[in-house]
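What follows is the residue order along each chain.
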Amino acid sequence: MQGIIVKGIAGFYYVKVDEEIYECKARGKFRHNELSPLVGDKVEFDLQNGKGFIKDILPRTCELIRPAIANVSQAIIVFAVKNPDFNTDLLNKFLMQCEANGLNVIICFNKIDLISKEELEEKISFINSIGYKVICSRAKQGEGIEEIKRQLQNNITVLCGPSGVGKSTILNSILGRMAMKTGDISERLKRGKHTTRHCELIEMEGGYIADSPGFSSLDIGYIKKEDLQNYFPEFREYKDNCKFSTCIHNKEPGCAVKEAVLNNNINKNRYDFYVKTLEEIQSRREWK
Ligand code: GDP
Ligand code: ZN
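What counts as what
Residues numbered from 1 in each chain as written. Chains lettered and ligands numbered in written order. Predicted model: local features only at pLDDT ≥ 70, side-chain atom pairs only at ≥ 80, totals over all residues. Heavy atoms only, no water. pLDDT = per-residue confidence, 0-100. Contact = heavy atoms within 4.5 Å. Donors = N, O, S within 2.8 Å, 3.2 Å for Na, K, Ca; no water. Tetrahedral: all angles 85-135°; square planar, octahedral: opposite > 155°, others 65-115°. Buried < 20%, exposed > 50% of the residue type's maximum accessible area, 1.4 Å probe, protein only. Helix = DSSP H or I, 4+ residues; strand = E, 2+ residues; numbered from the N terminus. Phe/Tyr/Trp six-rings, centres within 6.5 Å; stacked < 30°, edge-to-face > 60°. Near = heavy atom within 4 Å. Polar contact = N/O pair within 3.5 Å; in protein donor to acceptor, adjacent residues only side chain to side chain. Nonpolar A, V, L, I, M, F, W, Y, C, P; charged D, E, K, R; others polar. Pairing = 2+ DSSP bridges. Axes fitted to C-alpha atoms, helices over the stretch in contact; angles between N-to-C directions.

Undergrad: Help me out: how do you make sense of the confidence of the model for the protein chain in this one?
TA: Caution applies to low-pLDDT parts of the model: their predicted coordinates are not meant to be read in detail. Averaged over the protein chain, the pLDDT score is 89; the fraction of residues at 70 or greater is 89%. Low pLDDT (under 50) marks residues 191–196, which in the prediction has 5 contacts with non-local residues, meaning those over four places away or in another chain.

Undergrad: Got a minute to help me understand the coordination of the zinc ion (ligand 2) in this structure?
TA: A metal bound by six donors in octahedral fashion has ideal angles of 90 or 180 degrees, whereas one bound by four tetrahedral donors has an ideal angle of 109.5 degrees. Coordination sphere of the zinc ion (ligand 2), protein contribution only: C242 (SG), C247 (SG), H249 (ND1) and C255 (SG), at 2.1 to 2.4 Å. Coordination geometry of the zinc ion (ligand 2): the 4 donor atoms subtend angles of 103 to 114° at the metal centre, consistent with an arrangement described as tetrahedral. Expressed as a motif, the donor residue spacing for the zinc ion (ligand 2) is C-x4-C-x1-H-x5-C. Take C247 and H249: they sit in the same class, and that class is buried.

Undergrad: In this structure, what is going on with the environment of P233? I would like to understand it.
TA: Examined against the element boundaries, P233 turns out to sit in the loop between α7 (225–228) and α8 (236–239). With 137 residues separating them along the chain, P233 and M96 place their C-alpha atoms 9.7 Å apart. With sequence-adjacent residues up to four places away left out, P233 is seen in contact with E99, Y132 and R270.

Undergrad: Mind showing me how you'd approach the packing of aromatic side chains here?
TA: Think of a pair of aromatic rings as described by two things: how far the centres are apart, and how the planes are tilted against each other in angle. According to the stated counting rule, one finds 9 aromatic pairs in the structure shown. Judged by centre distance (5.8 Å) and plane angle (75°), the rings of F79 and F86 are edge-to-face. Arranged with centres 6.2 Å apart and planes meeting at 45°, the rings of F232 and F273 form a pair that is tilted. Within this pair, whereas F232 is found in the loop between α7 and α8, its partner F273 is found in helix α10 (residues 268–287), the two being separated by 41 residues in sequence.

Undergrad: What should I look at first to understand the site of ligand 1 in this one?
TA: For ligand 1, the set of nearby residues contains 17 residues, the closest of which are D113, G164, K167, S168 and T169. Between ligand 1 and N110 there is a distance of 3.2 Å, counted from a nitrogen atom to a side-chain nitrogen or oxygen. Between ligand 1 and A139, the relevant distance is 3.0 Å, taken from an oxygen atom to a main-chain nitrogen or oxygen of the residue. Examining the composition of the shell around ligand 1, we find that 3 residues originate from one element, helix α5 (residues 167–175), more than from any other. Per-class residue counts for the shell around ligand 1 are 4 nonpolar, 8 polar and 5 charged.

Undergrad: Is there a simple way to explain the sheet that holds strand β1 (residues 2–9) in this structure?
TA: Reading around the barrel, the 5 strands line up as β1-β2-β3-β5-β4 and close back on themselves, with mixed pairing between neighbours. Taken pair by pair, the neighbouring strands of this sheet meet at an average axis angle of 55°, ignoring direction.

And the structure:
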């Protein structure tokens, strides 16, 4: 049979097939291959006397480390427009991380009760200039939650973003569970380590959502300087026109990306962030 792992606890995997959940163990061969099943994995399993044995893991589209989930297709990046203050560089980092994992991205601006309409418009137009979809919410008041839910269909979705922006408030509303106090999530994650409780996928609106937020740490260590440009989707329509096919859009002459920045077709803030990150990657390489 074939199904999707929605939960893993202490060596048991809970595999969903249609409306049924089967408790499964993994066969020993996974340990030899250093491949262990992850929540989100599509698996092939056998049933013997009511017990399930996973015999194959289907190829993954991606593999997130935190939360440990395979095949995530979409991230909703939550940022507060205020309190904590909106930080463009941090948003750019989250965007880059999601792009590097090949995720579809939606940006959620939360706490819109805290700023004026004009200030909000300015932030939305920044996101529109990059080309991402924006949802605005006042999670504490329950506003915007239905719109977020509508995005879940056919996806495995993870919520991410800095702390204090309202991720748990949003998750609790989506999942219809009682609000947990701020900090409870990280407490729960800490405890989770000891009981090897993994993130769980909850079926919702024709898709799945991870029951805890992800990507608290952002690491660019593994990104190659040639690949970085691929994580800036708004560069795509220009970069084939650069004079050199190896152009990384920094100091090269005849760079179509730089020209697009000068013509205001690419947001300068985004380009500056790209160059800053590129130089960070390059200086790291030189130190090694
Ligand atoms: P997390 O760290 O991202 O999970 O953030 P929390 O969900 O714990 O929220 C942090 C704080 O922001 C809490 O005190 C929430 O009550 C508050 N909060 C959440 N959503 C909103 C909102 O839409 N407007 C305002 N003003 N506060 C909110
Ligand atoms: Zn270029």
